[in-house]
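Structure assessment
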Amino acid sequence: WGNNAIYCNEEPYDAIVAVESENILSEKTTVEYRGSGKYALIVTPLKTEATTLNIKLNGDVIHFNTSVVAGIFDSSETSASGPGLKQAIAGEDSTFIIQSKDSGGNKKKKIR
């Protein structure tokens, strides 16, 4: 595909840019013209998962695959569970599990 808008003589070029995906909040999506035929696309993902963004430029579609990961740790969304939280014996191992999450409730996990 090509950006036919770059052959226009005036900025901003007469281009139509849009982003679609099942995993983005459409009403918060913005497109900002940055000059020289460049656009900044700002999207808000809804879930932590593999995501396909369908970027439309003058009707031509570009499929962009990306991964959405959990955000910064939020203690108010985090939980702990296990027997070690209910009772422990001095001098003996006691176990429990902490599940950290971000502010959206997405589980934090190790990324390899």
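Residues numbered from 1 in each chain as written. Predicted model: local features only at pLDDT ≥ 70, side-chain atom pairs only at ≥ 80, totals over all residues. Heavy atoms only, no water.

Glancing now at the overall build of the protein chain. Helix and strand content of the protein chain: zero helices and seven strands. If you take every contact in the protein chain between residues at least 6 apart in sequence, the share linking residues at least 24 apart comes to 41%. A total accessible area of about 8700 Å² is found for the protein chain, and carbon and sulfur atoms account for 50% of it. (Helix = DSSP H or I, 4+ residues; strand = E, 2+ residues; numbered from the N terminus. Contact = heavy atoms within 4.5 Å. Areas by Shrake-Rupley, 256 points an atom, 1.4 Å probe, with all protein chains shown as cover.)

A few words now on the pattern of salt bridges. Any two side chains of opposite charge can pair, on the condition that their charged atoms come close. Applying the stated criterion across every chain, the model contains two salt bridges. A salt bridge links Glu32 to Arg34; the nearest nitrogen and oxygen atoms lie 3.1 Å apart. In this structure Glu32 comes out as partly exposed when scored by relative accessible area, which is 33%. (Salt bridge = Lys/Arg side-chain N within 4 Å of Asp/Glu carboxyl O. Buried < 20%, exposed > 50% of the residue type's maximum accessible area, 1.4 Å probe, protein only.)

Take the sheet that holds strand β1 (residues 17-20) next. An order of β1-β4-β5 is seen for the three strands of this open sheet, with the pairing classed as antiparallel. Edge positions in the open sheet fall to β1 and β5 (60-67), since each of these has one partner strand only. Mean inter-strand twist for the sheet, computed between neighbouring axes without regard to direction, equals 25 degrees. (Pairing = 2+ DSSP bridges. Axes fitted to C-alpha atoms, helices over the stretch in contact; angles between N-to-C directions.)

Bringing unusual backbone geometry into the picture now. You will see that Asn58, though not glycine, has its phi angle at about 50 degrees, which is positive. In this structure Asn58 comes out as partly exposed when scored by relative accessible area, which is 35%.

Another point: the environment of Ile24. Relative to the assigned elements, Ile24 resides in the loop between β1 and β2 (30-35). Overall, the relative accessible area of 6% leaves Ile24 in the buried class. Separated by 27 residues in the primary sequence, Ile24 and Thr51 place their C-alpha atoms 8.9 Å from one another. Sequence-distant contacts of Ile24, that is, excluding residues within four places in its chain, are made with Val19, Thr29, Val43, Thr44, Pro45, Leu46 and Leu53.

Low pLDDT marks stretches whose predicted atomic positions should not be read closely. Summarising the model, the protein chain shows a mean pLDDT of 82, and 85% of its residues fall at 70 or more. At the low end of the mean pLDDT range in the protein chain sits β2, at 84; at the high end sits strand β6 (residues 79-81), at 92. (pLDDT = per-residue confidence, 0-100.)

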